[in-house]
Amino acid sequence: PSEHPFAPLRPNGLRSTFFRGRIVGRAPAQPQGSLHVSNRIILSAFDMTCVTHQTTGLWRHPDNRAHEYNTLEYWTNLAQLLERGTFDTLFIADVVGLYDVYKGSAEAALRDAAQVPVNDPLLAVSAMAAATEHLGFGLTVALTYEQPYALARKFTTLDHLTKGRVGWNVVTSYLDSAARNLGLAEGQISHDNRYDIGDEFMDVVYKLWEGSWEDGAVIRDKENGVFTDPSKVHPIGHDSEHYQVPGVFLSEPSPQRTPVIYQAGASSRGRAFAGKHGEAVFISSLNPAQARVTSDALRDAAESEGRPRDSVKILSMLTVITAPTDEEAQAKADEYRSYISLEGALALFGGWSGLDMSQFDPDTPLKYIETDALTSVLNMFTKADPDRDWTPRDVAEFIGLGGFGPVVVGSPTTVADELERWVEEGGIDGFNFAYAVTPGTFEDLVEYVVPELRRRGRVWDNYPEGTLRGRLNGTGEAAVPPWHPAAKYRGAYANAPSVADQTRKDVKATTSS
């Protein structure tokens, strides 16, 4: 195959004038808001503990501080900024492998820092929680490479430290490079089997979070010297195909017990998994019509599990480039596009799709290339622009700014109009906002777009009190709703053997002298 290298687009030397620096110190306390805002749009910021997340090449932009991803100051300042904008969550993506499909290696990904180097998404959360009071944190962890007993403790710890502001984005991983480096020498477990394993994994953690410790198990009785009542702590006795977890959970119940469960499955099996477990689901659609098809399918899946259709909150990925006027916003977008790395974009595309575009001439229309995999990918793009003859170069330019999500460019009024159109026509509940430059893209959202949405009654004036779950679903309740599969384990072991029952009765009690 010919190499057909993509020469990177050269920056035009312009410096954006829209960067406003960092936020210093915690924002002053605000009056409590109301949970009941009709037609509320959920706001989530989409980031990753890396340099290049969705938009390639813009790490070179003078206003982009993404290279500070490995400092606590970057994350605490970002969290404070988002809280100032009354965002529901900061959602942190993750991968545990390299994008090595393009040209058969990770070279292009490394050159453009395309999701590598990448740090652990959990470790900065406690610092961000200490710097904020209300912002939630949605954290991506691939269960395929975890043990439920250990991972459950990590999320419980974070739920304690954040006072109930944590969610888990449950993924099963999609990179063969992750599988090879995490003990699966033959590569990735088959797609549907990963979800089958995932269902059992979730069953185990639900038992640990909801069932092992009864309400009231922790009594802190100083007079009688009893911190935890052993009769209210139970082994879960899980023994099934993939996991054997016989004992009791290590941690006392946290404010939410089970973290808010996020999901992002796009396949039919992934939608079924989301319909069962997902309290919030992230989607990526190129237009509202595509979003409507996906959102309807997700709500159908939820309803088939006995859930209310509106019990799943659907957030669509989208990048906003805004400024005081449409003309200024367009100029900013044009400048950003001048930095796009096409090879970096195709490195990401290779990981997302499994297709190596280097084997094709970059300027040959894809419709003339006969492969089943390309046909399915091309269908997605032709639905976005059916009159265009898409080439590999076109695909790279498209995803180079905003990934597989749409890019909305305009003044605050223009952007707010478009967001409302997506909500109404796409049947979604909110957005997962990706960035072009960070924190600049998020600063622009907070400065320009959020006030316009607030003026329209689409976002809170101030945060309501409570946990992430209670705010997200509008009930104010920290516990999983009755329809959630975790709920059946709350109190389920109350009449089962406890730790107290395991104590040998023939041993004399030890007393201090």
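Notes on the structure in this doc start here. Since this is a predicted model, take the numbers as computed values, not measurements.

## Examining the pairing of strand β11 (residues 313-322)
Now for step 1: The buried fraction of β11 is high, at 10 of 10 residues.
Now for step 2: Residue alternation in β11 divides its side chains into two sets, K313, L315, M317, T319 and I321 and I314, S316, L318, V320 and T322, and both sets are buried.
Now for step 3: Note: strand β10 (residues 280-283) against β11, four bridges, orientation parallel. Considered in β11, the bridge of A280 is made with K313.
Now for step 4: Taken together, β10, helix α8 (residues 288-304) and β11 form a β-α-β motif whose crossover is right-handed.
Now for step 5: In this sheet, strand β13 (residues 430-434) lies alongside β11 in parallel orientation, the contact comprising five bridges. Looking at the pairing, L318 lines up with F433 of β13.
Now for step 6: In the sheet, β11 pairs with strand β12 (residues 407-410) via four bridges, with the strands oriented parallel. Residue pairing in the sheet places I321 in a bridge with V409 of β12.

## Some details on the environment of R65
Now for step 1: Along the chain, R65 turns up in the loop between β1 (42-48) and α1 (72-84).
Now for step 2: Residue classification places R65 among the partly exposed residues on the basis of a relative accessible area of 23%.
Now for step 3: Expressed as a C-alpha distance, the spacing of R65 and G440, which sit 375 residues apart in the sequence, is 8.6 Å.

## So, the pattern of salt bridges
Pairing is possible between side chains of opposite charge, provided their charged atoms come close.
Now for step 1: Per the stated rule, a full pass over the model turns up 29 salt bridges.
Now for step 2: Among the salt bridges present, the one from R269 reaches D199, with a minimum N-O distance of 2.7 Å. Here the residue R269 occupies a position in helix α7 (residues 268-277), and D199 occupies one in helix α6 (residues 191-211), the gap between them amounting to 70 residues. Each member of the pair, R269 as well as D199, carries the same accessibility label: buried.

## Comments concerning the nonpolar core
Now for step 1: Core analysis: the largest hydrophobic core is formed by 86 residues, its most contacted members being F87, L90, W168 and M202.
Now for step 2: Looking at this core element by element, the count peaks at nine residues for α6.
Now for step 3: Setting aside residues no more than four positions away along its own chain, F87 makes contact with L43, S44, A45, L82, L135, F433, L445, V446, V450 and Y463.
Now for step 4: Core analysis: the second largest hydrophobic core is formed by 52 residues, A108, L346, L355 and L366 among them.

## Quick notes on the environment of T162
Now for step 1: As for its position among the elements, T162 is in helix α4 (residues 148-162).
Now for step 2: Note on T162: relative accessible area 1%, which makes it buried.
Now for step 3: Between the C-alpha atoms of T162 and A127, which are 35 residues apart in sequence, the distance is 9.4 Å.
Now for step 4: Those residues in contact with T162, other than ones at most four positions away along the chain, are V125, A129 and F137.
Now for step 5: From its side chain, T162 meets the backbone oxygen of L158 in a polar contact 2.8 Å long.

## Re the packing of aromatic side chains
Now for step 1: Counted by the stated rule, this structure contains 17 aromatic pairs.
Now for step 2: Their ring planes at 90 degrees and their centres at 4.8 Å tell us that Y74 and W75 sit as a pair that is edge-to-face.
Now for step 3: An aromatic cluster of three or more residues is present, and its members are F155, W168, F201, W209 and Y243.
Now for step 4: One Lys or Arg, R40, reaches over the ring of W460 and ends 3.8 Å from the middle of that ring.
Now for step 5: R388 extends its terminal NZ or CZ atom over the ring of W390, reaching a point 4.3 Å from the ring centre.

Basis of the calculations
- Residues numbered from 1 in each chain as written.
- Predicted model: local features only at pLDDT ≥ 70, side-chain atom pairs only at ≥ 80, totals over all residues.
- Heavy atoms only, no water.
- Buried < 20%, exposed > 50% of the residue type's maximum accessible area, 1.4 Å probe, protein only.
- Helix = DSSP H or I, 4+ residues; strand = E, 2+ residues; numbered from the N terminus.
- Pairing = 2+ DSSP bridges.
- Right-handed = clockwise from strand over helix to strand, strands pointing away.
- Salt bridge = Lys/Arg side-chain N within 4 Å of Asp/Glu carboxyl O.
- Core = buried A, V, L, I, M, F, W, Y, C linked by side-chain atoms within 4.5 Å.
- Contact = heavy atoms within 4.5 Å.
- Polar contact = N/O pair within 3.5 Å; in protein donor to acceptor, adjacent residues only side chain to side chain.
- Phe/Tyr/Trp six-rings, centres within 6.5 Å; stacked < 30°, edge-to-face > 60°.
- Lys NZ or Arg CZ within 6 Å of the ring centre and 35° of its normal.

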